[in-house]
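Listed here are the chains, written in short residue letters.
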Amino acid sequence: MNLYLVNILLALVWAAITGAFTLSNIVFGFLLGALALYLIREQAGSLGYFRRGMRFISLAALFLYELVLSAWRVALLVLSPRMNLKPGIFAYPLKVERDLEITLLANMITLTPGTLSVDVSEDHKFLYIHAIDCSEPDSLRRDIAQGFERRIMEAFR
């Protein structure tokens, strides 16, 4: 059985035993179930379950870091007296293949200030991205490949 489903069932059992079906109690039950599964991880074969969870947390932390960093950069660009911007659209070669991964990457890029996902090629090989400052597109490609795309592939594969 899928360990994520077992963890949810443990959370619901916890809520039923305590008699409180509040969100905080269910989340506490989920964490308690995760701890219980972690303690028996070798017997339950759940080593991958916890690694994947940590990879999702790592992806979320990277997104929050990039969100704050890019918001700061855009604020500095906008407030500078001379805006030496070179906006443009560049093609980013995709390594992710599944639709979910492509959609997540495109949304993370769009939600980051200063960049916008414009389109995906018909063959799903390229993502077209608009950047507020596209003076160094190779640097932008490298940042995306080593950041968002790598973490997405780690979390979903």
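Structure first, text after, so check above.
Here's what I pulled together on the structure shown here. (Residues numbered from 1 in each chain as written. Predicted model: local features only at pLDDT ≥ 70, side-chain atom pairs only at ≥ 80, totals over all residues. Heavy atoms only, no water.)

Let us now look at unusual backbone geometry. Positive phi values are uncommon outside glycine, yet His 124 reaches one of about 60°. The exposure class assigned to His 124 is partly exposed, which follows from its relative accessible area of 39%. (Buried < 20%, exposed > 50% of the residue type's maximum accessible area, 1.4 Å probe, protein only.)

Within the secondary structure, Ser 70 is located in helix H4 (residues 47-79). Note on Ser 70: relative accessible area 8%, which makes it buried. Engagement of the side chain of Ser 70 in a polar contact is seen with the backbone oxygen of Glu 66, the distance being 2.8 Å. (Helix = DSSP H or I, 4+ residues; strand = E, 2+ residues; numbered from the N terminus. Polar contact = N/O pair within 3.5 Å; in protein donor to acceptor, adjacent residues only side chain to side chain.)

What follows deals with the nonpolar core. Membership of the largest hydrophobic core comes to 22 residues, with the highest contact counts inside it found for Tyr 92, Leu 105 and Leu 127. Contacts of Leu 105, omitting those with residues within four sequence positions, involve Tyr 92, Leu 94, Val 96, Leu 127, Ile 144, Phe 148, Glu 149 and Ile 152. (Core = buried A, V, L, I, M, F, W, Y, C linked by side-chain atoms within 4.5 Å. Contact = heavy atoms within 4.5 Å.)

Relative to strand S3 (residues 126-131), strand S2 (residues 115-120) runs antiparallel, the two sharing 5 bridges. If you follow Ser 117 over to S3, its bridge partner there is Ile 129. Between S2 and S3, which pair antiparallel one after the other, the connecting turn spans 5 residues, and His 124 there sits at a positive phi close to 60°. (Pairing = 2+ DSSP bridges.)

Turning our eyes to something else, we now look at the sheet that holds strand S1 (residues 88-93). The antiparallel open sheet is built from 3 strands, whose spatial order is S1-S3-S2. Across the chains shown, the open sheet's two edge strands, defined by having one partner strand only, are S1 and S2. Neighbour-to-neighbour, the strand axes of this sheet turn through a mean angle of 30°, independent of strand direction. Of the strands in this sheet, S1, S2 and S3 are in contact with helix H5 (residues 99-111), which crosses S2 at around 150°. Those strands touched by helix H6 (residues 137-156) are S1 and S3, and its axis lies near 45° from that of S1. (Axes fitted to C-alpha atoms, helices over the stretch in contact; angles between N-to-C directions.)

It is worth spelling out the environment of Ala 34 at this point. Its location among the elements puts Ala 34 in helix H2 (residues 23-39). With relative accessibility at 15%, the residue Ala 34 sits in the buried group. When the C-alpha positions of Ala 34 and Tyr 49 are compared, they lie 9.7 Å apart, and in sequence the two are 15 residues distant. Other than its neighbours up to four places away in sequence, Ala 34 contacts Asn 7 and Phe 50.

A few words on the packing of helix H1 (residues 3-18) against H2. H2 packs onto H1 with a crossing angle of 125° between their chain directions and a minimal axis gap of 7 Å. Taken together, H1 and H2 sit at an angle that is classed as oblique. With respect to the hand of their crossing, H1 and H2 are arranged in right-handed fashion. Residue-level contacts link Leu 3, Tyr 4, Val 6, Asn 7, Ile 8, Leu 10, Ala 11, Trp 14, Ala 15 and Thr 18 of H1 to Asn 25, Ile 26, Phe 28, Gly 29, Phe 30, Leu 32, Gly 33, Ala 34 and Leu 37 of H2. Tallied by class, residues from the contact of H1 with H2 come to 14 nonpolar, 5 polar and no charged. (Parallel < 35°, antiparallel > 145°, perpendicular 65-115°, else oblique. Left-handed = near helix turned anticlockwise from the far one by under 90°. Nonpolar A, V, L, I, M, F, W, Y, C, P; charged D, E, K, R; others polar.)

Opposite charge on two side chains permits pairing when their charged atoms draw close. In the structure shown here, the tally under the stated rule is 4 salt bridges. Asp 138 is the partner of Arg 141 in a salt bridge, and the nearest nitrogen-oxygen pair spans 2.8 Å. Of this pair, Arg 141 and Asp 138 both sit in helix H6, 3 residues apart, which is roughly one turn of that helix. Here Arg 141 falls in the partly exposed class, since its relative accessible area comes to 23%. Under the relative-accessibility criterion, Asp 138 is labelled exposed at 54%. Residues joined by salt bridges that share partners form a network here, namely Arg 98, Glu 101 and Arg 157. (Salt bridge = Lys/Arg side-chain N within 4 Å of Asp/Glu carboxyl O.)

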